[in-house]
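Given next are the chains, with one letter for each unit.
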Number of protein chains: 2
Amino acid sequence: MSTKTYARSDLECVEWLRGRGRSALRRMVERVSRPGVLSLAGGLPAPELFPARKYGEAIQKVLASDPRALQYGASYEPLRIKLAGLLAERGVACEPGDILLTHGAQQAIGIAAGLLLAPGATVVFEEAVYTGALEAVAPYSPRILTVGTDPETGFDVDALEARLASGERPAFVYLIPEAHNPVGATLSEEKRERLADLAERYGVALIEDDAYGLLVYDGAAGRPLKSLVPDRVLFVGSFSKVIAPALRLGYLVVPPALRQAAQLLKESIDLECSALTQRALAALLDDGFLPGHLARLRETYRARRDAMLEAVEAEFPAGTRFSRPRGGFFVWAVLPGDVDTSALLDRALEEEGVAFVPGSAFSADGRGSRRALRLSFASQPPEAIREGVRRLGRMLRVPAR
Amino acid sequence: MSTKTYARSDLECVEWLRGRGRSALRRMVERVSRPGVLSLAGGLPAPELFPARKYGEAIQKVLASDPRALQYGASYEPLRIKLAGLLAERGVACEPGDILLTHGAQQAIGIAAGLLLAPGATVVFEEAVYTGALEAVAPYSPRILTVGTDPETGFDVDALEARLASGERPAFVYLIPEAHNPVGATLSEEKRERLADLAERYGVALIEDDAYGLLVYDGAAGRPLKSLVPDRVLFVGSFSKVIAPALRLGYLVVPPALRQAAQLLKESIDLECSALTQRALAALLDDGFLPGHLARLRETYRARRDAMLEAVEAEFPAGTRFSRPRGGFFVWAVLPGDVDTSALLDRALEEEGVAFVPGSAFSADGRGSRRALRLSFASQPPEAIREGVRRLGRMLRVPAR
């Protein structure tokens, strides 16, 4: 028996987590969640649109009729069949077996990354990126290449092509072709075709995040990359925005070659999603509920978006560039002149009681998009949106004290 | 623009997942889940004990009264306060802030591993191990050291001490001190104290899996390692066995030094657990429901365990060693002579229509515990348990045809 003793010390976590703080976006959203602040910051869906009663009824029905509702069990096939039908309407042809149900889009992105990304390998993100995707890859300490994001046209395909032509072979490219978060852009058909061509030509995987693909307010959504090059695309979706976040149900559609690995990875992480939630959602969708519900969501969010765009047009300084999103939750505004929206946020909170998210919160290195800000129109009614933008415009016209 | 083209090929997943099959346990459980088979194989809790009506009522109450029930939100503090109280009864002193809510015990083990385990580092498991723990560490391709597991006394503390004394410094030791899965053993007070002492002396982290700690049928559960060396122990628990698996709610209690890292890791994986499920569970627990429910569970499972032990004693061949679990779901039997229970399973299914899990399914390399088998008494009534064991005993007395 060894008699050597060791100095006592706290347990230490693995290196990538050491000294790591919460993401800039989360800190920001917490900082601005104060009583009395009119928040255009968070990306929360409007709670008054959650189908609480219908969902509660679906749960009761399932609990009363399905003895497997509370048990462990394989992924509920009727839900995946239903979902494959919904995806077909979106232009994505897949079999139920290609669909992995996940705890939200966040887990779908994480599993996609886990399938493709070896520690230290290279990934491509946009300069303005959904921060959850950055967090999902952080455990792999990847090398991150960025390409630009235009507030109107979105992903800079030329920049990606140059990277690939110069020999870069990223494990994947992460992108949001439809109703981008945070930028609000939707990719043109031409850009989508070029991206599909690049993915095919260079054998590159794309993670296509479609979190807002069912929330398009003008015309139809564009063709998913998943429909153009299905074998190259891992397609991410979620019921958080179209039903409610507390379902914690999202999905990852994988090429058939990755089916088994995706299932194994999910099981190793948390076995499965809730049998009850899967069955309740299936019951809700069976009920023919979704089309009318989506129409209500689109109508409400369209009115809020229109209110925000009109207000930004009227109230923000001349020379402001801003996106005119055809879907999703966000308007991205790039201010003229040499401003730093992080500093402006302090003024907005103190002088005007209004919150937004500074562009730098969406930057991989925390330094990009300093002149930009993200405004959410999802969780406030039009009157409050107009009031909030009016106050921001007033502040932007007056120099800092 | 590059004109070079690349050969088309399927996307390939990362190395550790390539060619990897489902775990031996999962394959086994699927293989034996046939209609007409009397299964003593799976580890499913008894569905007739799920509080479906009460849980449904709790959901309705929350949906009707709490506007945040379907929204994104921070981990629900009233549930963590309630849980800290439950853990205190179990001898674990912790603050609500030390508790991370997870998607089942599986995710709690995975997050514990993610906090502590760098790729390729060393971990210690028992020779007979809950396979979910092996799956949770697989992404890190660890070096696995094993120590023995005795069906009566459990974890071989001498073997661990020898490993540590010889200079091994594992990222953690995973163990189930109370009502072990698959072996059924509970550690003596002396073994617990020695493990705590080793953890302290060598600065080693312990992952203490307490999935069955509330299901002890004779007297009180032992003192958790977490109560002996709180700063060295990550404590894993779950509501899957005491309420229902479909809640997908488990928990990880971490030392304060790991609080922030644990929270960050959970957010990077899937943001959070369901606000609705957290609130419904809190409402159920507030209702004073748990003590009576636990008493019912213990009474039912105790009777099933007793039926199984009596039957094994009466029906299995002389020379069989088997555990007499004071809690949990499983009896572990080690057969006399040179047998391979994997081969016996085929006979059991074909000749007797009875299923069990061969011991090798719980072995890190698939080769250990060949003479052992795991029998679950959780999901069958006493009469079926007696019948199943009787048939197995009959088969074991007759040589293979």
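For the structure, see preceding data.
As a starting point, this report considers the structure included with it.

Rules used throughout
- Residues numbered from 1 in each chain as written.
- Chains lettered and ligands numbered in written order.
- Predicted model: local features only at pLDDT ≥ 70, side-chain atom pairs only at ≥ 80, totals over all residues.
- Heavy atoms only, no water.
- Helix = DSSP H or I, 4+ residues; strand = E, 2+ residues; numbered from the N terminus.
- Rg over C-alpha atoms; globule rule 2.2 N^0.38 Å.
- Buried < 20%, exposed > 50% of the residue type's maximum accessible area, 1.4 Å probe, protein only.
- Least-squares fit on C-alpha atoms with pLDDT ≥ 70 in both.
- Contact = heavy atoms within 4.5 Å.
- Core = buried A, V, L, I, M, F, W, Y, C linked by side-chain atoms within 4.5 Å.
- Lys, Arg positive; Asp, Glu negative; His and termini not counted.
- Salt bridge = Lys/Arg side-chain N within 4 Å of Asp/Glu carboxyl O.
- Polar contact = N/O pair within 3.5 Å; in protein donor to acceptor, adjacent residues only side chain to side chain.
- Phe/Tyr/Trp six-rings, centres within 6.5 Å; stacked < 30°, edge-to-face > 60°.
- Buried area = accessible area lost by both parts, 1.4 Å probe.
- Axes fitted to C-alpha atoms, helices over the stretch in contact; angles between N-to-C directions.
- Parallel < 35°, antiparallel > 145°, perpendicular 65-115°, else oblique.
- Left-handed = near helix turned anticlockwise from the far one by under 90°.
- Nonpolar A, V, L, I, M, F, W, Y, C, P; charged D, E, K, R; others polar.
- Expected span 1.5 Å × (residues − 1).
- Pairing = 2+ DSSP bridges.
- Right-handed = clockwise from strand over helix to strand, strands pointing away.

### Topic: the overall build of chain A
And step 1. When its secondary structure is counted, chain A shows 13 helices and 15 strands.
And step 2. Here the C-alpha atoms of chain A give a radius of gyration of 22 Å, agreeing with the 21 Å that 2.2 N^0.38 yields for 401 residues.
And step 3. Viewed in the frame of its principal axes, chain A has a C-alpha envelope of about 65 × 60 × 55 Å.
And step 4. Every one of the 401 residues in chain A was classed for burial, and the buried ones make up 61%.

### Digging into the relation of the copies chain A and chain B
And step 1. Superposition of chain A onto chain B requires a rotation of 180° combined with a translation of 0.0 Å along the rotation axis, giving an RMSD of 0.0 Å. Accordingly, the operation relating the two chain copies is best matched by a two-fold axis.
And step 2. When you check the interface residues of chain A against chain B, 100% turn up at the interface there too, and the contact is symmetric in its surfaces.

### Side note on the nonpolar core
And step 1. Counting 220 residues, the largest nonpolar core has Phe239, Leu276 and Tyr301 of chain A together with Phe239, Leu276 and Tyr301 of chain B as the members making the most contacts within it.
And step 2. For Tyr301 of chain B, the contacting residues outside a window of four places in its chain are Pro45, Ala46, Leu49, Leu215, Tyr217, Phe329, Phe377 and Ala378 of chain B.

### Remarks on the side chain of Glu126 of chain B
Residues and elements named next belong to chain B.
And step 1. Mapped onto the secondary structure, Glu126 falls in strand β3 (residues 122-126).
And step 2. Comment: no salt bridge for buried Glu126; closest opposite-charge side chain is Lys191, at 7.7 Å.
And step 3. Polar contacts involving the side chain of Glu126 include one to the side chain of His180, which spans 3.0 Å.
And step 4. Those residues in contact with Glu126 that sit more than four places away from it in its chain are Thr146, Val147, Gly148, Thr149, Gly154, Phe155, Tyr174, Leu175, Ile176 and His180.

### Regarding the pattern of salt bridges
And step 1. Summed over all chains, the structure comprises 62 salt bridges over all chains.
And step 2. In this structure, Arg143 of chain B engages Glu168 of chain B in a salt bridge whose closest nitrogen and oxygen atoms are separated by 2.7 Å. In this pair, Arg143 of chain B sits in strand β4 (residues 143-147) while Glu168 of chain B sits in the loop between α6 (157-165) and β7 (172-175), placing the two residues 25 residues apart along the sequence.
And step 3. Overall, the relative accessible area of 16% leaves Glu168 of chain B in the buried class.
And step 4. Because the salt bridges share partners, they merge into one network encompassing Asp158, Glu161, Arg194, Asp197 and Arg201 of chain A.

### A few points about the packing of aromatic side chains
And step 1. If you walk through the whole model with that rule in mind, you get 20 aromatic pairs over all chains.
And step 2. Note on Tyr217 of chain A and Tyr301 of chain A: the rings are 6.4 Å apart at their centroids and 40° apart in plane angle, and the pair reads as tilted. Here the residue Tyr217 of chain A occupies a position in the loop between β8 (206-209) and α8 (225-228), and Tyr301 of chain A occupies one in helix α11 (residues 290-315), the gap between them amounting to 84 residues.
And step 3. Tyr217 of chain A sits in the buried class, given a relative accessible area of 3%.
And step 4. On the basis of relative accessible area, Tyr301 of chain A is assigned to the buried category, the value being 0%.
And step 5. Where Tyr217 of chain B meets Phe377 of chain B, the ring centres are 6.5 Å apart and the plane angle is 70°; that geometry is what we call edge-to-face. With Tyr217 of chain B in the loop between β8 (206-209) and α8 (225-228) and Phe377 of chain B in the loop between β15 (372-376) and α13 (382-397), this pair connects stretches of sequence that are 160 residues apart.

### Overview of the interface of chain A and chain B
A common measure of how large an interface is: the accessible area buried when the components associate.
And step 1. Taken residue by residue, the interface counts 78 residues in chain A and 78 residues in chain B.
And step 2. Contact between chain A and chain B buries roughly 6,900 Å² in total, counting both sides, with carbon and sulfur atoms accounting for 60%.
And step 3. Per-residue buried area on chain A facing chain B is highest for Leu11, Leu70 and Tyr72 of chain A; these three make up 12% of the total on that side.
And step 4. At the boundary of chain A with chain B, the tally comes to zero salt bridges.

### Some words on the packing of helix α3 (residues 77-89) of chain A against helix α10 (residues 275-286) of chain A
Helix-helix packing: each pair is described by the crossing angle between the helix axes and the interaxial distance.
All names here are of chain A.
And step 1. Remark: α3 packs on α10, axes separated minimally by 9 Å, with the N-to-C direction vectors making an angle of 50°. By the angle class used here, α3 and α10 are oblique. Relative to α10, the crossing made by α3 is left-handed. Contacts between α3 and α10 involve Leu79, Lys82 and Leu86 from the former and Gln278, Leu281, Ala282, Leu285 and Asp286 from the latter.
And step 2. Across the contact of α3 with α10, the residue classes break down as five nonpolar, one polar and two charged.

### Thoughts on helix α10 (residues 275-286) of chain B
And step 1. Helix length check: α10 of chain B (twelve residues) gives 16 Å between terminal C-alpha atoms against 16 Å at 1.5 Å per residue, within 8%.
And step 2. Of all twelve residues making up α10 of chain B, eleven are buried, and the element is well covered by its neighbours.
And step 3. If you check which residues of α10 of chain B are buried, you get Ala275, Leu276, Thr277, Gln278, Arg279, Ala280, Leu281, Ala282, Ala283, Leu284 and Leu285 of chain B.
And step 4. Elements that come into contact with the buried residues of α10 of chain B comprise α2 (52-65) of chain A together with α2 (52-65), α3 (77-89), β2 (99-102) and α11 (290-315) of chain B.

### Quick look at the sheet that holds strand β15 (residues 372-376) of chain A
Residues and elements named next belong to chain A.
And step 1. Pairing is antiparallel across the open sheet formed by four strands, whose spatial order is β11-β12-β15-β14. Of all strands in the sheet, those with a lone pairing partner are β11 (321-322) and β14 (357-358), marking the two edges.
And step 2. In this structure, β14 lies alongside β15, joined through two bridges in antiparallel fashion. Paired with Val357 across the two strands is Arg374, which belongs to β15.

### With respect to the environment of Phe316 of chain B
All names here are of chain B.
And step 1. Within the secondary structure, Phe316 is located in the loop between α11 and β11 (321-322).
And step 2. For the pair Phe316 and Leu335, spaced 19 residues apart in the sequence, the C-alpha separation amounts to 8.4 Å.
And step 3. In this structure, Phe316 is in contact with Ala311, Ala333, Leu335, Leu373, Leu375, Val389, Leu392, Gly393 and Leu396, ignoring residues within four places of it in sequence.

### With respect to the packing of α11 of chain B against α13 of chain B
All names here are of chain B.
And step 1. Closest axis-to-axis distance for the α11/α13 pair is 9 Å, and the angle between their directions is 20°. The angle between α11 and α13 places the two elements in the roughly parallel class. Here α11 runs over α13; the crossing is right-handed. Contacts between α11 and α13 involve Ala303, Arg304, Ala307, Met308, Ala311, Val312 and Glu315 from the former and Pro382, Ile385, Arg386, Val389, Arg390, Gly393 and Arg397 from the latter.
And step 2. A per-class count over the contact of α11 with α13 returns eight nonpolar, one polar and five charged.

### Considering the side chain of Ser268 of chain B
And step 1. Note on placement: Ser268 of chain B falls in helix α9 (residues 259-270).
And step 2. Classification of Ser268 of chain B by relative accessible area gives buried; the value is 4%.
And step 3. Setting aside chain neighbours within four positions, we find Ser268 of chain B in contact with Gln106, Glu135, Ala136 and Pro139 of chain A.

### Considering the sheet that holds strand β3 (residues 122-126) of chain A
All names here are of chain A.
And step 1. Taken together, the seven strands give an open sheet; going across it, the order is β2-β10-β9-β8-β7-β3-β4, and neighbouring strands pair in mixed fashion. In the strand order of this sheet, the two ends are held by β2 (99-102) and β4 (143-147), each with one partner. Taking each pair of neighbouring strands and ignoring which way they run, the sheet shows an average axis angle of 20°.
And step 2. Strand direction decides the pairing type here: strand β7 (residues 172-175) and β8, joined by three bridges, are parallel. Paired with Tyr174 across the strands is Ile207, a residue of β8.

### Here's the deal with the pairing of β3 of chain A
Residues and elements named next belong to chain A.
And step 1. Along β3, five of the five residues are buried, which leaves the element largely enclosed by surrounding structure.
And step 2. Neither face of β3 is open: one carries Thr122, Val124 and Glu126, the other Val123 and Phe125, and all of them are buried.
And step 3. Of the strand pairs in this sheet, β3 and β4 are connected by five bridges, and their pairing is parallel. Bridging across to β4, Val124 finds its partner in Leu145.
And step 4. Each parallel crossover has a hand, and the one from β3 via helix α5 (residues 131-137) to β4 is right-handed.

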